[in-house]
Amino acid sequence: MAIPDTALTRAAKSVLLAPPLARAGYLYATAVALVWGFALSTGKVRRVDGLFVFRGLPTWAFSRGGSCVGGVYLTDDNAKPAVLEHEAVHREQWKKYGMVFPVLYMLAGRNALTNRFEIEAGLEKGNYR
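So, a few notes on the structure that sits alongside this text. Since we're looking at a predicted model, the values are computed, not measured. (Residues numbered from 1 in each chain as written. Predicted model: local features only at pLDDT ≥ 70, side-chain atom pairs only at ≥ 80, totals over all residues. Heavy atoms only, no water.)

Below, the discussion takes up the nonpolar core. Counting residues in hydrophobic clusters, the biggest one holds 14 residues, and the most contacted among them are L51, V53, Y73, L84, W94, F101 and F117. Of all elements in the fold, only α2 (19–40), β2 (51–54), α3 (81–97) and α4 (101–108) reach the threshold of two or more residues within this core. Of the residues forming this core, the biggest block, four residues, is contributed by α3. If near-sequence neighbours (up to four positions away) are discounted, L84 is found in contact with R46, V48, L51, V53, Y73 and A79. In this structure, A33, L34, A61 and L74 belong to the second largest nonpolar core, which totals eight residues. (Core = buried A, V, L, I, M, F, W, Y, C linked by side-chain atoms within 4.5 Å. Buried < 20%, exposed > 50% of the residue type's maximum accessible area, 1.4 Å probe, protein only. Helix = DSSP H or I, 4+ residues; strand = E, 2+ residues; numbered from the N terminus. Contact = heavy atoms within 4.5 Å.)

What follows covers the packing of α2 against α3. In the contact formed by α2 and α3, the axes pass within 6 Å of each other and the chain directions differ by 130°. On the basis of their axis angle, the class for α2 and α3 is oblique. Packed against α2, whose contacting residues are A22, R23, Y26 and A29, the element α3 presents R91, W94, K95, K96 and Y97 at the interface. Of the residues contributing to the contact of α2 with α3, the split by class is five nonpolar, no polar and four charged. (Axes fitted to C-alpha atoms, helices over the stretch in contact; angles between N-to-C directions. Parallel < 35°, antiparallel > 145°, perpendicular 65-115°, else oblique. Nonpolar A, V, L, I, M, F, W, Y, C, P; charged D, E, K, R; others polar.)

Right under this line is the structure:
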């Protein structure tokens, strides 16, 4: 679904994606995910290249093999080095787009093979191929 490039959409993008607002959204998402991870994780919590990794979560607590929310990766046991490289790209996407990222991700589609954010993060590293 393409959003028309009009003066209004350009203005909205410049406000919603302004670095201070995106940064605030990223920090908010990270804080919420840290609370979620600490509340539900039964595994060891670690930090890998700036990404908080919570393992041992119940499968209902995240989608697919794991979910990156802000600077936090939530999973049951899907934390191989290649996967964490993939999730680190999602962390950067969160930093760039802030709280607009979940909306953009949803608009990009549920099919990982055509979702531009999954493609950018690396389909093979994310176990999509």
